[in-house]
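Each chain is listed here by its residues.
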Amino acid sequence: MYAAIERELLATFFAKRPAQYFQQPGFKKDMEDHVEKRYAACRDRLIPWASRYVDFSGARVLEIGCGTGSSTAAFAEVSREVFGYDIVLNSVQGAERRLAIMGVENARVAHEPAASVLERVMREHAGGVDIIVLYAVLEHMTIVERFEALEAYWKLLRPGGVVIIGDTPNRLIFNSQHTSGLPFFDWLPDEIALRYFDRSPRVGFVDTMRRVMRDAPETASDVLDRWGRGVSYHEFELALGDLNRIVVGDGFDPEVVEWLPLAYDEALLASYFVHAKIDVPLGFARRQLLLVLRKPREGDPPRAERRSVEFRAAGWRPAAQSL
């Protein structure tokens, strides 16, 4: 099965890559991630964790940023139906072929440009949905798109339903591992980032940005956003209000700590959250934002404080990982 998916992704998702890309070490990792690893992580880690907070069986799942369908397929295995959308045509083509190969019949995916995807989703799901998945997607949106998406999809969610955030890089972490691999890169304003990017060790990223800066510099900020930039609690708080009221699960849950042990920079950041009395869930101190946000029903009681539980669960002993 995986060999067939690899062939189809070469014909779709990877089809427009330059020849030199396939000779770079990163190509093998990209292919493994898209073919199998993201699917396995979602099936074996993300879904069992999220299942503590939501019953997938019988649920209508809306996935924004379905990509090549790895998470779409995993969610389809446990849900009644899944609807996926993505702004990249060759990603959706790859997802369609993956779903066909895997025999998935309760999921469909659709391509829609960034300018109109929100309008289409709101129109096609006006009756509401039970679960909304934003898996590795918020970081590829512009700041304006993030606010619009979080506000609109929260309204679309039925009371008691959840938004699942996964694999989203945290802007506040010191090393920007997702795109540039440079320390503090996600902290920089565009005016500095667009001068500093060529210090990145990631050849494909540097080559793309150099070409854009040469041929169409007016689009450079948007291209940088599409590559991916970190997200922090600030967008969520501005769009959704008091996060302590709605975050029911995060990266300090035992299943996530076992999957992604606490690293040194995360322990430092989480310690600062507590020291500075930053009044947001501690999950916003992890490298990856893994969150389950539940839309309250009328009459729901206030949520209990999680912070002391999170401290005990993590043990505050960073894993032996470098920054």
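The coordinates are above.
Keep in mind it's a predicted model, so treat the numbers as computed, not measured. (Residues numbered from 1 in each chain as written. Predicted model: local features only at pLDDT ≥ 70, side-chain atom pairs only at ≥ 80, totals over all residues. Heavy atoms only, no water.)

> Honestly, the overall build of the chain in this entry has me stumped. Any pointers?
Along the chain, the regular secondary structure elements total 13 helices and nine strands. Taken along its principal axes, the extent of the C-alpha atoms in the chain is 55 × 45 × 35 Å. Buried positions account for 52% of the 323 residues belonging to the chain. Taking all contacts inside the chain whose residues are at least 6 apart in sequence as the whole, residues at least 24 apart take part in 74%. Working note: accessible area of the chain is about 15,200 Å², and carbon and sulfur atoms make up 54% of it. Between the averaged position of the 41 positive side-chain charges in the chain and that of its 46 negative side-chain charges there is a distance of 2 Å. (Helix = DSSP H or I, 4+ residues; strand = E, 2+ residues; numbered from the N terminus. Buried < 20%, exposed > 50% of the residue type's maximum accessible area, 1.4 Å probe, protein only. Contact = heavy atoms within 4.5 Å. Areas by Shrake-Rupley, 256 points an atom, 1.4 Å probe, with all protein chains shown as cover. Lys, Arg positive; Asp, Glu negative; His and termini not counted. Charge placed at Lys NZ, Arg CZ, Asp CG, Glu CD.)

> Just checking my understanding: could you explain the side chain of Thr12 for this structure?
In this structure, Thr12 sits in the loop between α1 (2–11) and α2 (25–50). Among the polar contacts listed, one links the side chain of Thr12 to the backbone oxygen of Glu8, at a separation of 2.7 Å. Beyond its immediate chain neighbours, meaning those up to four positions away, Thr12 contacts Asn90, Gln93, Gly94 and Arg97. (Polar contact = N/O pair within 3.5 Å; in protein donor to acceptor, adjacent residues only side chain to side chain.)

> Quick question: what am I supposed to make of the nonpolar core here?
Inside soluble globular proteins, nonpolar side chains tend to come together where they are buried. The biggest cluster of nonpolar side chains holds 45 residues, and the ones touching the most others in it are Leu62, Leu134, Ile165, Phe236, Phe273, Phe284 and Leu293. Per-element accounting of this core gives the leading share, five residues, to helix α6 (residues 143–156). Ignoring sequence-local partners within four residues, the contact set of Leu134 consists of Ile64, Leu150, Tyr153, Val163, Ile164, Ile165, Gly166 and Thr168. Within the second largest apolar cluster, 42 residues are counted, among which are Leu9, Val35, Tyr53 and Ala95. (Core = buried A, V, L, I, M, F, W, Y, C linked by side-chain atoms within 4.5 Å.)

> When you look at the packing of aromatic side chains in this model, what are you seeing that I'm missing?
What describes a pair of aromatic rings is the distance from one ring centre to the other and the angle between the planes of the rings. For the coordinates displayed, the defined rule picks out 16 aromatic pairs. Ring centres of Phe174 and Trp187 lie 6.2 Å apart, and the angle between their planes is 70°; on these two criteria the pair is classed as edge-to-face. Taken as a pair, Phe174 in the loop between β5 (157–169) and β6 (175–176) and Trp187 in the loop between β7 (182–183) and α7 (190–196) lie far apart in primary sequence, 13 residues in all. Where Tyr233 meets Phe273, the ring centres are 6.0 Å apart and the plane angle is 80°; that geometry is what we call edge-to-face. Taken together, the residues span a long stretch of sequence, with Tyr233 in helix α10 (residues 233–240) and Phe273 in helix α12 (residues 264–275) at a distance of 40 residues. (Phe/Tyr/Trp six-rings, centres within 6.5 Å; stacked < 30°, edge-to-face > 60°.)

> For this particular structure, what's the right way to read the environment of Leu194?
Along the chain, the position of Leu194 falls in helix α7. The class for Leu194 is buried, based on a relative accessible area of 14%. Spatially, the C-alpha atom of Leu194 lies 8.2 Å from that of Met209, the residues being 15 residues apart in sequence. Those residues in contact with Leu194, other than ones at most four positions away along the chain, are Met209, Met213, Ala220, Ser221 and Leu224.

> It is not clear to me how the pattern of salt bridges should be interpreted in this structure. Could you clarify?
A side chain of one charge can pair with a side chain of the opposite charge when the charged atoms of the two come close. For the structure on display, the rule yields 20 salt bridges. As a salt-bridge pair, Glu255 and Arg52 come within 2.9 Å of each other at their nearest N and O atoms. Taken together, the residues span a long stretch of sequence, with Glu255 in helix α11 (residues 254–259) and Arg52 in the loop between α2 and β1 (60–64) at a distance of 203 residues. Given the relative accessible area of 46%, Arg52 is considered partly exposed. (Salt bridge = Lys/Arg side-chain N within 4 Å of Asp/Glu carboxyl O.)

> What exactly am I supposed to notice about the packing of α1 against α2 here?
Two packed helices can be described by the angle between their axes and the distance between those axes. Here α1 crosses α2 at 125°, and the two axes come no closer than 11 Å. As judged from the angle between their axes, α1 and α2 are oblique. Pair α1 / α2 crosses with right-handed handedness. Residues Tyr2, Ile5, Glu6, Leu9 and Leu10 of α1 lie in contact with α2, whose contacting residues are Phe27, Met31, His34, Val35, Glu36, Tyr39 and Arg43. The class makeup of the residues in the contact of α1 with α2 is eight nonpolar, one polar and three charged. (Axes fitted to C-alpha atoms, helices over the stretch in contact; angles between N-to-C directions. Parallel < 35°, antiparallel > 145°, perpendicular 65-115°, else oblique. Left-handed = near helix turned anticlockwise from the far one by under 90°. Nonpolar A, V, L, I, M, F, W, Y, C, P; charged D, E, K, R; others polar.)

> What is the right way to read the environment of Ile278 from this model?
Relative to the assigned elements, Ile278 resides in the loop between α12 and β9 (288–294). A residue is classified by how much of its surface remains accessible, and Ile278, at 17% relative accessible area, is buried. For the pair formed by Ile278 and Gly160, sequence separation is 118 residues and the distance between their alpha carbons is 27 Å.

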